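Okay, here's what each chain looks like letter by letter:
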Amino acid sequence: MPHRGNNRREAVLQRVRDTPPGFVRTYGDVSPGAPRFAGTVLFACDDPGVPWYRIVRADGSLAKGARQRALLEEEGVPFRGEKVDMRAARVP
């Protein structure tokens, strides 16, 4: 029987993979009720197929700073100052 924690981790990673280019989700979107769990999962993930940079804080701020911003800008994610424009870029 699969370990429950692995299922939860895989669910978070699948939601991250399902975030389309040019859009973002929040940590809470990919791990409802436990946004810090999503951060822990992404921190430990080294799979290049997981677009970690599309996951941002609820206020649109970036956990990984300039590197994350550059990757999002390449995809056309809109910003308002230092933060992602969440009204335009968040996956509904």
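Here's what I pulled together on the structure shown here. (Residues numbered from 1 in each chain as written. Predicted model: local features only at pLDDT ≥ 70, side-chain atom pairs only at ≥ 80, totals over all residues. Heavy atoms only, no water.)

Describing the overall build of the protein chain
1) Next: Each helix and strand counted, the protein chain has 5 helices and 4 strands in total.
2) Next: Listing the helices and strands of the protein chain from first to last along the sequence gives α-β-α-α-β-α-β-β-α.
3) Next: Radius of gyration (C-alpha) of the protein chain: 13 Å, near the 12 Å computed for a compact globule of 92 residues.
4) Next: Taken across its 92 residues, the protein chain has 37% of its residues classed as buried.
5) Next: Considering only contacts within the protein chain whose residues lie at least 6 apart along the sequence, 54% involve residues at least 24 apart.
6) Next: Summed over its atoms, the accessible surface of the protein chain is roughly 5800 Å², and 52% of this surface lies on carbon and sulfur atoms.
7) Next: For the protein chain, the separation between the mean place of its 16 positive charges and that of its 11 negative charges on side chains is 6 Å. (Helix = DSSP H or I, 4+ residues; strand = E, 2+ residues; numbered from the N terminus. Rg over C-alpha atoms; globule rule 2.2 N^0.38 Å. Buried < 20%, exposed > 50% of the residue type's maximum accessible area, 1.4 Å probe, protein only. Contact = heavy atoms within 4.5 Å. Areas by Shrake-Rupley, 256 points an atom, 1.4 Å probe, with all protein chains shown as cover. Lys, Arg positive; Asp, Glu negative; His and termini not counted. Charge placed at Lys NZ, Arg CZ, Asp CG, Glu CD.)

Digging into the nonpolar core
1) Next: Judged by nonpolar contacts, Val12, Leu13, Val16, Tyr27, Val30, Ala38, Val41, Leu42, Cys45, Val50 and Ile55 together constitute the single largest core of 11 residues.
2) Next: When contributions to this core are tallied by element, the ones reaching two or more residues are helix H1 (4–17), helix H2 (27–30) and helix H3 (35–44).
3) Next: Discounting chain neighbours no more than four positions away, the residues touching leucine 13 are Val41, Leu42, Cys45 and Val50.
4) Next: Among the nonpolar cores identified, the runner-up in size contains 10 residues, and Tyr53, Val56, Phe79 and Met86 belong to it. (Core = buried A, V, L, I, M, F, W, Y, C linked by side-chain atoms within 4.5 Å.)

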